[in-house]
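An overview of the molecular structure
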Amino acid sequence: MIEKINHIAIAVRSLEEHIPFYRDVLNLEFRCTEVVEDQKVRLAVFRVGETQIELLEPTAADSPILAFIEKRGEGMHHISYQVDDIEKQIAELKAKQVRMIDQSPRSGAHGSRIAFLHPQSSAKVLSELTQEVDR
Ligand code: ZN
């Protein structure tokens, strides 16, 4: 079951350049920065009520985030839906003929488990499932 928006992710070239807008201009609660090795990104997390804004900065020349920025420029990268059971959600989507980028969960930020859907099903918005670790 999809419970809520877990986070909205924005691709940027430099966290240091963009953190001040979200932290000091919008006055969002800055939570942390974190490196997610698996995705070759460093992220900055801001809390907005029950959801989060994540800025994604590439950490390697072969980071998929760098490829995204070079193709489309900085901007919105994906929406993440929080689910209670990621294996079950993936199976349900596959049963409904949704094309998945990730056929099984992989590790995301702060110990979460994630899986990306192919954007062809969702009006070209890259969509992610996130199951938080404390479940
Ligand atoms: Zn995400």
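Since the structure is predicted, the reported quantities are computational estimates derived from the model, not experimental observations.

Okay, unusual backbone geometry next. Phi at His110 is positive, roughly 35 degrees, even though this residue is not glycine. On the basis of relative accessible area, His110 is assigned to the partly exposed category, the value being 30%. Positioned with a positive phi, Ala123 is a non-glycine residue whose angle comes to about 55 degrees. Mapped onto the elements, Ala123 comes out in the loop between strand S7 (113-117) and strand S8 (127-131).

Mapped onto the elements, His18 comes out in helix H1 (residues 15-25). Separated by 114 residues in sequence, His18 and Glu132 place their C-alpha atoms 26 Å apart. Those residues in contact with His18 that sit more than four places away from it in its chain are Val12, Leu55 and Glu74.

Let us look at a nonpolar patch on the surface. The grouping of Phe21, Val25 and Leu26 at the surface amounts to a nonpolar patch, some 280 Å² of accessible area in total. Taking the relative accessible area as the measure of exposure, Phe21 reaches 41% and is therefore partly exposed.

With that settled, the discussion passes to the layout of surface pockets. A probe as big as a water molecule, rolled over the atoms, marks out the empty space that is left. A volume near 450 Å³ is recorded for the largest pocket. Along its surface, the largest pocket is lined by 18 residues, and Pro64, Phe68, His77, Ile101 and Leu126 are the ones closest to its centre. Residue contributions to the lining of the largest pocket peak at six residues, all from helix H2 (residues 64-72). In the lining of the largest pocket, the residues fall into 10 nonpolar, three polar and five charged.

Under the definition given, this model contains one cavity of 30 Å³ or more. The computed volume of the largest cavity comes to approximately 110 Å³. Taken together, the elements giving at least two residues each to the lining of the largest cavity come down to strand S1 (2-11), strand S3 (41-48), strand S4 (51-58) and S8. By residue class, the composition of the lining of the largest cavity is six nonpolar, eight polar and three charged.

With that settled, the discussion passes to the sheet that holds strand S2 (residues 29-36). The strand order across the open sheet built from eight strands is S2-S3-S4-S1-S5-S8-S7-S6, with neighbouring strands paired in mixed fashion. The sheet terminates laterally at S2 and strand S6 (106-107), the two strands that pair on one side only. Where S1 lies against S4, five bridges are found, and the strand directions are parallel. Bridge pairing in S4 links His7 to Gln52. The sheet contacts of helix H3 (residues 86-95) involve S1, strand S5 (75-83), S7 and S8, and relative to S7 the element is tilted by about 15 degrees.

How each quantity is defined
Residues numbered from 1 in each chain as written. Predicted model: local features only at pLDDT ≥ 70, side-chain atom pairs only at ≥ 80, totals over all residues. Heavy atoms only, no water. Buried < 20%, exposed > 50% of the residue type's maximum accessible area, 1.4 Å probe, protein only. Helix = DSSP H or I, 4+ residues; strand = E, 2+ residues; numbered from the N terminus. Contact = heavy atoms within 4.5 Å. Patch = residues over 30% accessible without salt bridge, like charges linked within 9 Å, V, L, I, M, F, W, Y side chains within 5 Å. Areas by Shrake-Rupley, 256 points an atom, 1.4 Å probe, with all protein chains shown as cover. Salt bridge = Lys/Arg side-chain N within 4 Å of Asp/Glu carboxyl O. 1 Å grid on protein atoms, 1.4 Å probe; cavity = no way out; pocket = protein on both sides within 12 Å on 5 of 7 lines; lining within 4 Å. Points joined across faces, edges and corners; volume = space filled by probe spheres on them. Nonpolar A, V, L, I, M, F, W, Y, C, P; charged D, E, K, R; others polar. Pairing = 2+ DSSP bridges. Axes fitted to C-alpha atoms, helices over the stretch in contact; angles between N-to-C directions.

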